[in-house]
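# Remarks on the overall topology
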Amino acid sequence: MPRAGLTTEKVVLAGADLADEIGFAGLTASELARRLGVRTASLYSHVDGTDDLRKRVALLALAELADRGSDAVAGRSGHEALVALGDTYRGYAAEHPGRYDATRLRLDAQTAAASAGPRHAQLARAVLRGYRLSADDETHAVRLLGTVFHGFTTLELSGGFAHSTPDSQASWTRILDGLHHLLDHWSTP
């Protein structure tokens, strides 16, 4: 029987908060149970173990990030939309590092298709509409945006830019400006 006051939503949110605190790799059902002051078995009324908990945190994070991205990009185009989306990913990662890491969890095809994951590709495509790319080039550009946003953010979160100048914000601005220029002048080879 579920513990009074404990719901699946509360368990997943607590798991997401714990992932932000200790890292997504450290998130386990037993660690979450300790933090919640319950037995691990009590969580099984809400999640089917560590893998299910991690999957649910990943789905939560994908949805949160897609919602933020949609809000940031709404009414913008071109360079302004590009910066808004990039800043959203970077800001979310800084605020919620464990959740951000969870967005990279490999999901099975059915779960991935039903998740907010496809919304991320739609957001990137919405940003790219202002650049008038062919369908194939748009796909390449979606991959480029993901690579730049995730690569920079991951390196920054791991401290990769902590001991150099100029600061990472200056680099981020230059990178987004360069990305805009590339997209604005994209041509098929």
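Look up a bit, the structure's there.
Please read all numbers here as calculations on a predicted model, not as lab measurements. (Residues numbered from 1 in each chain as written. Predicted model: local features only at pLDDT ≥ 70, side-chain atom pairs only at ≥ 80, totals over all residues. Heavy atoms only, no water.)

Another aspect to go through is the overall build of the protein. The secondary structure content of the protein amounts to 10 helices and zero strands. Starting at the N terminus and walking to the C terminus, you meet the elements of the protein as α-α-α-α-α-α-α-α-α-α. If one aligns the C-alpha atoms of the protein with their principal axes, the spans along those axes are about 60 × 40 × 30 Å. Here the contacts in the protein between residues at least 6 apart in sequence split such that 70% fall between residues at least 24 apart. Carbon and sulfur atoms form 52% of the exposed surface of the protein, whose accessible area is close to 10300 Å². Once the 20 positive and 23 negative side-chain charges of the protein are each reduced to a mean point, those two points are 4 Å apart. (Helix = DSSP H or I, 4+ residues; strand = E, 2+ residues; numbered from the N terminus. Contact = heavy atoms within 4.5 Å. Areas by Shrake-Rupley, 256 points an atom, 1.4 Å probe, with all protein chains shown as cover. Lys, Arg positive; Asp, Glu negative; His and termini not counted. Charge placed at Lys NZ, Arg CZ, Asp CG, Glu CD.)

Bringing helix α5 (residues 78–95) into the picture now. If you check α5, its first and last C-alpha atoms are 26 Å apart, about what 18 residues at 1.5 Å a residue would give, namely 26 Å. When α5 is considered as a whole, its buried residues turn out to be Gly78, Ala81, Leu82, Ala84, Leu85, Gly86, Thr88, Tyr89, Arg90, Tyr92 and Ala93. Where α5 is buried, its residues meet α4 (50–73), α6 (97–102), α8 (117–128), α9 (135–157) and α10 (168–184). (Expected span 1.5 Å × (residues − 1). Buried < 20%, exposed > 50% of the residue type's maximum accessible area, 1.4 Å probe, protein only.)

One number sums up the size of the largest pocket: a volume of about 420 Å³. Forming the walls of the largest pocket are 18 residues, and the residues nearest its centre are Tyr89, Arg104, Gly117, His120 and Gly146. Counting residues per element, the lining of the largest pocket draws most heavily on α9, which supplies five residues. For the lining of the largest pocket, the per-class residue count stands at 11 nonpolar, five polar and two charged. (1 Å grid on protein atoms, 1.4 Å probe; cavity = no way out; pocket = protein on both sides within 12 Å on 5 of 7 lines; lining within 4 Å. Points joined across faces, edges and corners; volume = space filled by probe spheres on them. Nonpolar A, V, L, I, M, F, W, Y, C, P; charged D, E, K, R; others polar.)

This paragraph deals with unusual backbone geometry. In the segment running from Thr165 into Pro166, the intervening peptide bond is cis, with an omega of -5°. Here Pro166 shows up in the loop between α9 and α10. A positive phi angle, close to 55°, is found at Arg132, a residue other than glycine. Note on placement: Arg132 falls in the loop between α8 and α9. Note on Arg132: relative accessible area 76%, which makes it exposed.

In this fold, Gly49 is placed in the loop between α3 (40–43) and α4. Gly49 gets classed as buried once you look at its relative accessible area, which sits at 9%. Here the alpha-carbon distance between Gly49 and Ser30, two residues 19 residues apart in the chain, equals 8.6 Å. Residues within four places of Gly49 in sequence aside, it is in contact with Ala29 and Tyr44.

Now for the nonpolar core. Within the largest apolar cluster, 26 residues are counted, with the highest numbers of intra-cluster contacts made by Leu82, Leu85, Leu128, Leu145, Phe149, Leu179 and Leu183. Once residues lying within four places of it in the same chain are set aside, the contact partners of Leu183 are Leu82, Leu128, Tyr131, Leu133, Ala141 and Leu145. One finds Val11, Ala16, Leu27 and Ala33 within the second-largest nonpolar core, a separate group that totals 19 residues. (Core = buried A, V, L, I, M, F, W, Y, C linked by side-chain atoms within 4.5 Å.)

This brings us to the packing of α5 against α10. For the pair α5 and α10, interaxial distance at closest approach is 10 Å and the crossing angle is 140°. By the criterion of interaxial angle, the relationship of α5 to α10 is oblique. The interaxial crossing formed by α5 with α10 has right-handed handedness. Side by side, α5 and α10 meet where His79, Leu82, Val83, Gly86, Asp87 and Arg90 of the first sit next to Ser168, Gln169, Trp172, Leu176, Asp177, Leu179, His180 and Leu183 of the second. Of the residues assigned to the contact of α5 with α10, the class counts are six nonpolar, five polar and three charged. (Axes fitted to C-alpha atoms, helices over the stretch in contact; angles between N-to-C directions. Parallel < 35°, antiparallel > 145°, perpendicular 65-115°, else oblique. Left-handed = near helix turned anticlockwise from the far one by under 90°.)

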